[in-house]
Each structure stands twice: as C-alpha cells, then as structure tokens.
Amino acid sequence: MKLSRRSFIMTSAAAVVGSAAVSRGLRIVDEANAAVPGLRWHKAPCRYCGTGCGVEVGVRDGRAMVVRGDAASSVNGGLLCAKGYGLAEMLASGDRLKQPMVRDASGALVAVTWDEALDLIADRWAEIIARDGPDAVAMYGSGQWTIPDAYAAVKLMKGGVRTNNIEVNARLCMAAAVVGYLTTYGVDEPAGSYDDFDLVNDVFLWGSNIAEAHPVIYERLVERRAAAPDLRIINLTTFGQMTSEAADETLLIKPHADLYLANAIAHVLVHEGLINQRFIDDHLVFKTTVAGEDSALDLAGYTAFLDDFAPGAVADAVGIGSEDIERLARRYGDATRATMSLWTMGVNHSTRGVWVNNLLHNLHLLTGKVAKPGNGPFSLSGQASACGSCREVGAFSHRLPADRVVSNAEHRAEVEEAWGLPPGTIPGPEQSPITHAVELWQKAASGQIKSIWVSATNPFQSLPNLDDNLAGIGSTRPFLVVSDAFPSLTVQAADVVLPAACWVEKEGMFGNSERRTQHWEKMVEPPGEAKPDVWQFVEVGRRLAQRLGWGVELFPSAWDTQLERALYDEYRALTLGTAHDVASYQDLVASRGLRWPVMDGQETTVRFNAAHDPNVARKADGALPSDGIYFYGMPDGRAVVWARPYEAPAEVPDASYPFWLSTGRLLEHWHTGTMTQRVRTLHRVVGAALCYLNESDASTLGVRAGDTVRVQSRRGSIVLTVAKPDCRTRCPPGYVWVPFFDVNRLINRVTLGALDPMSKEPDFKKCAVRITKVSS
C-alpha cells in the first residue's frame, strides 16, 4: 500500500519529464501491489477523465484494496496517472454518504428510510407536475454517469415525465466539440482512435495541457517519440504548462487568438498550394453563415474569405510571428507526414468554441488528413463517460439516443416505438423548450423550475459566474434532490440526499474519447445503505407512474435481476443500423472494450473509410469515391469546410481589470475535487488552489510566493495564495491562472457567464480581473 502512495509522486514526475524510466517505475509498483496476498483482480475503466484507462482492482474481504494499471488494456498498457492510483482510497473515504436524508422543519438533514425518501420525491414531483406541468421539474446529471444511469434518466424524463428538462455537466466542457463534429460531418465524435498515436508524425496540441488533464495520453506520445524520434509535438497554448516541458515547440498565443491562427494557417495552405485538391473535389463542400442562415460557397469564395487572415495581417493579434504561422501551415500541409490535432478546454471553453472546432476540422479536410490512419482532428473528452453516457445516450435536453434529436419527429417516433409509448409522448421543442445547463439553473433561480434532481455532479461549485447564476435559489427554494457518494456544496443545499454507490460498487459501462465502450462488473458492496443512481431513477419512475397514471411500464419488474444489462440491451437496440452500433453486452464482458460502430463483433478504428468501416459501403449506395472515403453523416457524403470569421471575446482586460484570468484542472485533482481531495496523498501534494502569476507582474504588484491576493472581476472575488514563480504553470505578462478544484476557494464566483451561442457552453478561459495584495 505504501508503494502505491509513493507512486503519486512518480506520476507527477512523469507528467513533467515524460520519462519512460518513470513509467517503468510505476509498473514495478504494480508488480509490488500484485504480490499482496489474497487479492482477486477485476478489470474496469478508470473513474476520472475521458481517456478510459484500463485498471485492475484488487479485492479482498469485500473491499477494494489496491488499483493497478491493466497491462492488457490497449488504451494505457498498464500505466496510470496519480489520480488512478488513488481510486481505492477514494472509495474508502470515511465521510461517504451512507443513508438517505431529508431536511426537516428546523433545516437539519435527518436520516430516513429509502421508502420515505423515494416516496417524498415522487409525491413532490407528482404534485408539481399536476399543478405546474412537466417542465416545472428537471434532472441535472453527469459525464460520470454510467451508460445505464444516463439511459434510465433520459427514459424517465422524456418518456415518463415528458419534459426535455434533462441536462448534464458535459454541456460545460464538451458541447462545443459536439456541435463542431455535427456541423462538419453530420455525426458526433472522432473518426479516428488512439491507434493513430502509433502512426502519427506531427501532433498539434491546441489549448490542451494533456500532461495534467490527460497524462496517460501525454506519456503515450512521449514514449512513442522515444521510439520514433521523427515525431514532433507542437504545443499551441496561452501559457506555459507541464506539457511544454516535453513539446518540441511551444508557441504562446494570445487568448481567443485561435480563431485568427487557424484561419491564417488555412490561408497559407490555400495560397501555397498545400491543399489536397482531389480530396476537396471528391469529399467536401464549403459553407458560411450570413444573417443566421447557412449558405454555400465554393473554393474561390472560401479563398476570398481567407484574404483577411494573411499571416502578416494577423500575426500581432495572434502573438507569434508570421513566419511561425507559415511554418505551422507547411507542417500541416506536408503530404508525407501524418498529422493529428488534439484539443480540450482551451478550445471548447470559448464564446466561439464551435467555430474554432470547425476551423481545426478545416485544416485536416483541406489537406485530406482525416479518416485515414495516423491522421485526424481529435477532441479529448474530460470525463469518464461524457461521450458514452451524455453524447451517445443523448442525455442533453435536445438529444435522444444515437445522435437522434427531439426536434426531429421521426427520431421521436423511433424512440417512442422502442419504449412502447403512444405516438406524441416524447415532446418536441414546441411542447417542451430546449433548456441548456446554465439556463436550467437560471430557471430554477427565477422560480420557473420548481424542483431539480442532481446526480453525480456538483453544480454549486462548477457552474460559471456562480453568484449570478444561482442568485435567487435561496428565495425561490426549488425542491432540490441530490444523489451523490460524497458531501459537496450541492449536497449541503439539498432537501433530499440520496447516497449513491460509486464506480465498482455497481455494474456499469463507460464510453471514452475514442468511441470505446467498456464494461465492469460489480466488485464490492457500497457502504451503508448507498444504492446505484440507476436504481434510484427506476424506483422513483415506478412511483411516478402510479401517481400520475402513465399507463406504461418504462422499467419492467422483470428487469430487476439484471437491471443494468436490460437497460443497456434496450439502448443498444436503438443504435443498431445507425452507424453508431455499440457492442453487445456479451462482447463487452469478454473484452477490454470495443469501439463503435461494432459490426458482426468487429470494432471500427477509423470511421468513414471503407477499408476500416463497413458502414461506408452500405451508406454510400454505389457512390463510393476511389479512395474509399465517404462522410455518411451528411446526406451527400461530403464534409463541410466552414468559413468562420473572427469575433471578439465577451470581455477583455482594461484599465480597471487589467489581467486575463483562465481556469482549469491540475494533475492531482479532478474537477471540483469531490473525490480526489479525499485521497490523502493527492491532498498533501496539492491541498489548495493557488494563484499563478507572471514574475514581472508579481513584482509590479509587490507580491511574492506565499503572499495572499484578491482576484476580483466584475462579478465577484476570492482570496488566494500566490504560487511559486516558474512552477508548474508559467503565465505570460498580464495573465493569471487558477484551478477550480478547491471547495474553499471558489474561482467560479469570478468567472464569466458568457456562452457560445451555438453550443451554449460557457467561456471559463477568458475574463478580465484585477489583482490586489491582501497580506504577506
């Protein structure tokens, strides 16, 4: 056990230097853990980020004792990051929620039975729905939901309650990527897979500190470079970070300059003849948006659009030299080298995140470097099942399973038939308006939504512009139900608390960034009276059906012996024939996961390519180009190159608020720290959020490491300790960075509430603040 804890420090070192020797050291730790007597090992995907690392959990005497990397997993080959090694300690936390609680007349949370808690929820919801209509209640879930969790929640809300008021925290992180894929290819998620990392020559990182946010992918790339010295990692970022340490080149660009930079690279590609003309002729169309309406362009029109983005014209706005832009473009345009673009929140957290996603797709489409092994644009997901549970199952207000949407009557009818519902049961947006995540909480604060059920997430810490978006909650007092495994700020505000089984305390499936669906079995009992989220949803659904007379059995009692499998099998049936076909339950149990579309038991590593994807021949219907590529998500099989202009950010520094503020994750802590702050070693390494400043700015402000400062925006302020200079995060002048994991230092009281108009994703990465010294 001590060896496992020591590995946290080793993994931190791996993130800094990308050392294969450190990786070997971690595997030695795994071997030591394997020698612990009496352990039975079980496979599972990791609980944290969307990488989907395979882990093995050592169980003894009904307890998860240790966790090691799964050497048989093609995702991580046995390597884990700091957080992964702490999973067993997280489960054993002494402050787990263990029994249902209800807030009494005095305001205290008191223990009750499960029947009392579930009956109270059903009674209150039935009363609200009868009085105020279905849209007066809502569900707010998570990319930490399992696929059965999410599917049951969608079925409950859209098929039972008959409202579109279900949202997930993935709206706060992945929505821009979703809309980027959909508007470009007609379907969501990457064409390629992690296999491409073994073939790529050039990796462009756009706004992605993968050394901390996706450390195993980072280590995988660094180890690959040791074996293939020709591999180049180019890091495009607004500040220096751990990823910079192993990148072959780091270019610091100005905040929001990615719109300029991507268009400038495209300008060079077109004007220097670095585009793939045959690929363009066979596979692409060009579009722009004028006055809110999409309209067609041709290559000449697109070239004219790019005239405003010549490198010399935009270099100052980007923050790098025009020769740097030209060099980047020539690397993208080198037909002899396989190229990938990877991005995370630095791109998605933007008021024009969808546009930037489109522009990154453009670079691969113009050069023909997509739907081919070793090539492609690839958005990395931030949560264990943001892809599998939120995007694929359709747990957003506007979506249904397998890329269906509630605005499409045929899609609603297909799902109604699968669920045995009368036609017209699932509401379209005319009957139940689409309400995105931030708006959902605004409606609760204003009194329009009378009750919200929160599951597996902590919005009272993670929402942007917390004070404004939650203003009114205290006076309108929506009936708040919270299902969670741990105490949190959201739990503190709840009227009903439902203790949740966590990770391997229940059976489940996750879906990761490369379209891989992974299964795990229940390994240990949850503490106390905790129950799986999916069981909670089903039990309340059955009670509501009785009280409201739904007349349909959404969750048959015959499912109870294998509830998770029954839900998954029904969900899978909705994916078959959609080119989104997920693997059978049996195949998942027998494997380390399979990447959809899965046809005849075979996974797909490269979509849209006939040599790898059997859906191409079926969808192309005889119109298959000679290279075998067909973008079947679009009716004409052609992907879209979008002309997206520059648009200024919602807020910029000025004389009163002269600094840019950006937020993000650290290696040791995940999201709001609800789980990782309960792992002692992680908390000892990083116990509090710090304020990272440029050294010259610190000198001007008269502060140094260890001093406290107030970070204030037009919305709110918090007090933080100044970090050591030139530590893990190295800010350029005029730039401040703060992580958001710390429950005692809520940086989201400071962040901006502005949203991308297409995806409704917030911009957590850019707002204006001032810094004032508090004490030394």
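Up top is the structure these notes are about.
About the criteria used
Residues numbered from 1 in each chain as written. Predicted model: local features only at pLDDT ≥ 70, side-chain atom pairs only at ≥ 80, totals over all residues. Heavy atoms only, no water. Phe/Tyr/Trp six-rings, centres within 6.5 Å; stacked < 30°, edge-to-face > 60°. Helix = DSSP H or I, 4+ residues; strand = E, 2+ residues; numbered from the N terminus. Buried < 20%, exposed > 50% of the residue type's maximum accessible area, 1.4 Å probe, protein only. Pairing = 2+ DSSP bridges. Axes fitted to C-alpha atoms, helices over the stretch in contact; angles between N-to-C directions. Contact = heavy atoms within 4.5 Å. Disulfide = S-S within 2.5 Å. Parallel < 35°, antiparallel > 145°, perpendicular 65-115°, else oblique. Left-handed = near helix turned anticlockwise from the far one by under 90°. Nonpolar A, V, L, I, M, F, W, Y, C, P; charged D, E, K, R; others polar. Expected span 1.5 Å × (residues − 1). Salt bridge = Lys/Arg side-chain N within 4 Å of Asp/Glu carboxyl O.

(A) Representation of the packing of aromatic side chains in the model. Using the criterion set out here, one finds 29 aromatic pairs in the structure. Taking the centre distance of 6.3 Å and the plane angle of 45 degrees together, the rings of Phe197 and Phe378 count as tilted. One end of the pair, Phe197, is in the loop between helix 7 (175-185) and strand 8 (202-206); the other, Phe378, is in strand 14 (residues 376-379), with 181 residues separating them in the sequence. Exposure remark for Phe378: the relative accessible area of 1% places this residue in the buried category. Put simply, the rings of Tyr181, Tyr185, Phe279, Phe608, Phe631 and Tyr632 pair up and form one aromatic cluster.

(B) Structural context of the sheet that holds strand 18 (residues 479-484). Spatial ordering of the open sheet is given by 5-4-19-18-17-6-7, a layout of 7 strands whose pairing is mixed. Single-partner strands in this sheet number two, and they are strand 5 (109-111) and strand 7 (166-168). Across the sheet, the mean angle separating the axes of adjacent strands is 20 degrees when strand polarity is ignored. One ladder, built from 3 bridges, connects strand 4 (residues 101-103) with strand 5; its direction is antiparallel. Of the residues in strand 5, the one forming a bridge with Arg103 is Leu109. The sheet strands contacting helix 5 (residues 114-132) are strand 4, strand 6 (137-141), strand 17 (451-455), strand 18 and strand 19 (496-499), and the helix crosses strand 19 at an angle near 130 degrees.

(C) Spotlight on the state of the cysteines. For the coordinates displayed, the defined rule picks out 0 disulfides. Unpaired in this structure, Cys767 has its nearest cysteine sulfur neighbour in Cys691, at a distance of 12 Å. With a relative accessible area of 2%, Cys767 lands in the buried category.

(D) Local environment of the sheet that holds strand 11 (residues 284-290). Strand order in the open sheet made by the 3 strands is 12-11-23, with mixed pairing throughout. Edge positions in the sheet fall to strand 12 (293-297) and strand 23 (639-643), since each of these pairs with one other strand and no more. Neighbour to neighbour, the strand axes of the sheet diverge by 40 degrees on average, direction disregarded. Where strand 11 lies against strand 23, 5 bridges are found, and the strand directions are parallel. Each residue of the ladder has a partner; that of Phe286, found in strand 23, is Val641. Set on the sheet, helix 17 (residues 353-367) makes contact with strand 11 and strand 23; between it and strand 23 the angle comes to about 120 degrees.

(E) Representation of the packing of helix 11 (residues 258-271) against helix 14 (residues 311-318). Where helix 11 contacts helix 14, the axes come no closer than 10 Å and their chain directions differ by 155 degrees. Relative to helix 14, helix 11 is oriented roughly antiparallel. Where helix 11 crosses over helix 14, the handedness of that crossing is left-handed. Contact with helix 11, carried on its side by Tyr260, Leu261, Ala264, His267 and Val268, involves Pro311, Val314, Ala317 and Val318 of helix 14 and no other residues of that element. Class assignment for the residues of the contact of helix 11 with helix 14 results in 8 nonpolar, 1 polar and no charged.

(F) Molecular detail of helix 25 (residues 533-548). For helix 25, with 16 residues, the first-to-last C-alpha span of 22 Å sits near the 22 Å given by 1.5 Å per residue. All buried positions along helix 25 are accounted for by Asp533, Val534, Gln536, Phe537, Val538, Glu539, Val540, Gly541, Arg543, Leu544 and Ala545. Residue Gly549 follows helix 25 closely and has a positive phi angle near 60 degrees.

(G) Examining the pattern of salt bridges more closely. The full count for this structure, using the stated rule, is 51 salt bridges. Two residues, Arg220 and Asp198, come together in a salt bridge whose shortest N-O distance is 3.5 Å. Of this pair, Arg220 sits in helix 9 (residues 215-227) while Asp198 sits in the loop between helix 7 and strand 8, and the two are 22 residues apart along the sequence. Linking Glu668 and Arg728 is a salt bridge whose minimum nitrogen-to-oxygen distance equals 2.9 Å. Residue Glu668 is located in the loop between strand 24 (659-664) and helix 29 (680-685), and its partner Arg728 is located in the loop between strand 27 (717-722) and strand 28 (735-739); the two are separated by 60 residues in the primary sequence. A relative accessible area of 3% places Glu668 in the buried class. The exposure class of Arg728 is buried, given its relative accessible area of 12%. The network of salt bridges with common partners includes Asp115, Asp119, Asp123, Glu539, Arg542, Arg543, Arg547 and Asp560.

Keep in mind these values describe shape, not function.
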